[in-house]
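Next come the chains, spelled out residue by residue.
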Amino acid sequence: MAKCPFAQWHPITGPSGRHLGGPYKIVHHTTEGSSAAGAFAAFAKHRSDPHFTVDGTTVYQHIDTDVAARALRHDAGTPETNRDSAVQIEVVGFAGAPKRTATLKNVARLCRWIEAAHGIPQLWPAGLPKPAIRGRDPGGHRRDAALWGDQGGHFGHSQVPGNTHWDPAYSAAEANYVLYATFDPDGAPTNRDDPRVAPLLARAAVPATDYAPEVMDDHDADAGDPDAGEPR
């Protein structure tokens, strides 16, 4: 059993099955909404649960990380996604807007636990996720099936083969923070002066956007997952 000790257990529709292989990796999504409660309703409706949902106050765990979640598209005959040892985090927020610092602190702390629990290296194998351009999809995402199948580490949803969403669209400061921030056992930051971490902490308060972010559909495929046998 792999349950995060500082997460709130919140099962919704359950796992999609066992992991089928591949090195463990962490997949970062955004909920495309402003609340965890709204995300939970979408997961229940579409059977698209991740392992975790994270907001500025709480880490919620829906599925044990020893089994597979449901938040990625997987069409028949294509490389495995959900069940390729992908530990999935839904970050409350929008791909097209900056993420709240408090939320990213919880994401980073959770990532350190997942990395330790499953031997995941601290790197972005496909490069940093591409940030939004004025709230829109920047395009040019690297979705390399061989890299996904062979390399552990951190991936954006935008970097998963067979998927079309462009989240999480982290800025460089956001991507580096979730990769390198460290914490003591009580969750207090321990490396605020690290040059890879400091830019996120030094930025101005996240503003309300002066444009309408391009909001993606819920993170569920319009095709069922043939491994899970359930619509998503």
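Whatever comes next refers back to the structure up there.
Every value quoted in this text rests on a predicted model; they were computed, and no experiment measured them. (Residues numbered from 1 in each chain as written. Predicted model: local features only at pLDDT ≥ 70, side-chain atom pairs only at ≥ 80, totals over all residues. Heavy atoms only, no water.)

Colleague: Explain the overall build of the protein to me, and be specific about the residues and the numbers.
Modeller: Along its length, the protein carries 5 helices and 8 strands. When its helices and strands are written in sequence order, the protein yields β-β-β-α-β-β-β-β-α-α-β-α-α. Relative to the 2.2 N^0.38 estimate, which gives 17 Å for 232 residues, the radius of gyration of the protein is 16 Å and therefore close to what a compact globule would have. Dimensions along the principal axes, computed over C-alpha positions, put the protein at roughly 45 × 40 × 35 Å. Taking all 232 residues of the protein together, 52% fall into the buried category. Counted over contacts in the protein with a minimum sequence separation of 6, partners at least 24 positions apart contribute 76%. When the accessible surface of the protein is summed, it comes to about 9400 Å², and 52% of that surface belongs to carbon and sulfur atoms. Computed over 22 positive and 28 negative side-chain charges, the separation of the two mean positions in the protein equals 3 Å. (Helix = DSSP H or I, 4+ residues; strand = E, 2+ residues; numbered from the N terminus. Rg over C-alpha atoms; globule rule 2.2 N^0.38 Å. Buried < 20%, exposed > 50% of the residue type's maximum accessible area, 1.4 Å probe, protein only. Contact = heavy atoms within 4.5 Å. Areas by Shrake-Rupley, 256 points an atom, 1.4 Å probe, with all protein chains shown as cover. Lys, Arg positive; Asp, Glu negative; His and termini not counted. Charge placed at Lys NZ, Arg CZ, Asp CG, Glu CD.)

Colleague: Account for the pattern of salt bridges, with residues named and values stated.
Modeller: Taken as a whole and assessed by the stated rule, the structure comprises 6 salt bridges. Its salt-bridge partner being Arg112, residue Glu115 comes within 2.8 Å of it at the nearest N-O pair. In this pair, Glu115 and Arg112 both sit in helix H2 (residues 101–118), 3 residues apart, roughly one turn of the helix. Residue Arg112 is classed as buried on the basis of its relative accessible area of 15%. Glu174 is the partner of Arg203 in a salt bridge, and the nearest nitrogen-oxygen pair spans 3.1 Å. Of the two residues, Arg203 is situated in the segment after helix H5 (198–202) and Glu174 in helix H4 (residues 172–180); the sequence distance between them amounts to 29 residues. (Salt bridge = Lys/Arg side-chain N within 4 Å of Asp/Glu carboxyl O.)

Remember that the coordinates give geometry; whether it matters functionally is a separate question.
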